[in-house]
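Chain and residue survey
Here's the letter readout for the chains.
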Amino acid sequence: MGDPLQLSGIEVVTTLTFTLGLCQLLTALLRLEFLTAYFSDALVAGFTTAAAIHVFAAQIDDILGLAIPKSSGPGYLFRRAFDLVVRLPDTNAATFAISAGAMLILYFGKEFFSPMVDRLLPVKVPIPYELIVTVIATAACFFFDLDSTYNVPIVGEIPTGLAPPSIPRMDIFFDCLANSIGIAIVTIAIHISMAKMLARKKNYEIDESQVSHLLLLGDENRKVNQIGKEALLAYKGPFPTVHKGLGRHYVYSITP
């Protein structure tokens, strides 16, 4: 195992991406599409709901402005919930107010204002509420100095450009392997969930052979295997992992 003090984030991401690409490529070569038969509608719905719970649990401390230690492993949600309850009196009121205001703008904008605009105009005009909220929050933090006055955590300076290329570190290959297998399983589950949700919404059937194509992640001309390309490109630079996903609002709209 490589020395953690001598590893950069780019080296870890590159190695993890390469390892994940190999796992996904092996899954496709072994034609494990028969596993999709076990992904029933109930399982897909449960997976989607569980993913939403994990996303909420991962972001609740940022919404409340709390510093909750990160945890992992079995039962980490319960430990995180316990830490949240213990630290709840330390909630940053300013951070919570900004978070609540942003959520209200997004909700009322998309649920009420956008439909009203669509009825009044002959064409649909997409309104970038997320961008509007980001600009307003950034301007408020800058002009009112919220980070130093009210201890509102901010991103700070964002570096420009791309990180320098890095090749995978083979000395941490096996350290990344267990995580890569887990990520590969989740990625396949996401593919199947998206396919089945769309099939249910659009009233068409999918079979195992169709779902197996999701494992290939082909490029636009369907001639290059994206998973294999992902594994090869990882040798040239710090490319992130590749998988499919839909916007949360769209997933919400197609989920019964």
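Parameters and conventions
Residues numbered from 1 in each chain as written. Predicted model: local features only at pLDDT ≥ 70, side-chain atom pairs only at ≥ 80, totals over all residues. Heavy atoms only, no water. Helix = DSSP H or I, 4+ residues; strand = E, 2+ residues; numbered from the N terminus. Buried < 20%, exposed > 50% of the residue type's maximum accessible area, 1.4 Å probe, protein only. Areas by Shrake-Rupley, 256 points an atom, 1.4 Å probe, with all protein chains shown as cover. Salt bridge = Lys/Arg side-chain N within 4 Å of Asp/Glu carboxyl O. Axes fitted to C-alpha atoms, helices over the stretch in contact; angles between N-to-C directions. Left-handed = near helix turned anticlockwise from the far one by under 90°. Contact = heavy atoms within 4.5 Å. Nonpolar A, V, L, I, M, F, W, Y, C, P; charged D, E, K, R; others polar. UniProt positions renumbered as here; feature names shortened; annotations may be inferred. Expected span 1.5 Å × (residues − 1). Bend = angle between axes of the 7 residues up to and from the residue. Polar contact = N/O pair within 3.5 Å; in protein donor to acceptor, adjacent residues only side chain to side chain.

Check the secondary structure of the protein and you find 10 helices and 0 strands. When its helices and strands are written in sequence order, the protein yields α-α-α-α-α-α-α-α-α-α. The 256 residues of the protein split such that 29% are buried. About 17,100 Å² of surface is accessible on the protein, with carbon and sulfur atoms providing 69% of the total.

Now for the pattern of salt bridges. The final tally for this structure, using the stated rule, is 5 salt bridges. When the shortest N-O distance is used, the salt bridge between Asp-61 and Arg-80 registers 2.9 Å. Remark: Arg-80 occurs in helix α3 (residues 76–87) and Asp-61 occurs in helix α2 (residues 41–64); sequence separation between them is 19 residues. The exposure class of Asp-61 is buried, given its relative accessible area of 3%. Owing to a relative accessible area of 6%, Arg-80 belongs among the buried residues under this scheme. Overlapping salt bridges, with partners in common, bring together Glu-11, Arg-169 and Asp-171 in one network.

For the rest of this paragraph, the subject is the packing of α2 against helix α7 (residues 173–202). For the pair α2 and α7, the least separation of the axes is 10 Å and the interaxial angle reads 115°. You can see that α2 and α7 cross each other, and the crossing is left-handed. Taking contact as the criterion, the partners of Asp-41, Val-44, Phe-47 and Thr-48 in α2 are, on α7, Val-186, Ala-189, Ile-190, Ser-193, Lys-196, Met-197 and Arg-200. The class makeup of the residues in the contact of α2 with α7 is 6 nonpolar, 2 polar and 3 charged.

Now for the UniProt feature "transmembrane region" (unreviewed entry) in the protein. This chain's UniProt record puts "transmembrane region" (unreviewed entry) on residues 12–30, 42–60, 93–109, 129–146 and 172–192. Annotation note: span residues 12–30, helix share 95%, strand share 0%, distance between end C-alpha atoms 27 Å. Across residues 172–192 one finds 95% helix and 0% strand; the C-alpha atoms that close the span lie 30 Å apart.

All right, on to helix α4 (residues 93–120) then. Between its first and last C-alpha atoms α4 spans 38 Å; for 28 residues at 1.5 Å apiece the expected length is 40 Å, and the two agree. By the largest-angle criterion, Gly-109 marks the main kink of α4, which is about 45°. Considered for burial, the residues of α4 that qualify are Thr-95, Ser-99, Ala-102, Gly-109, Ser-114 and Val-117. The inward-facing, buried residues of α4 contact α2 and α5 (129–144). Sitting at the amino-terminal end of α4 is Asn-92, which places a side-chain oxygen 3.0 Å from the backbone nitrogen of Ala-94.

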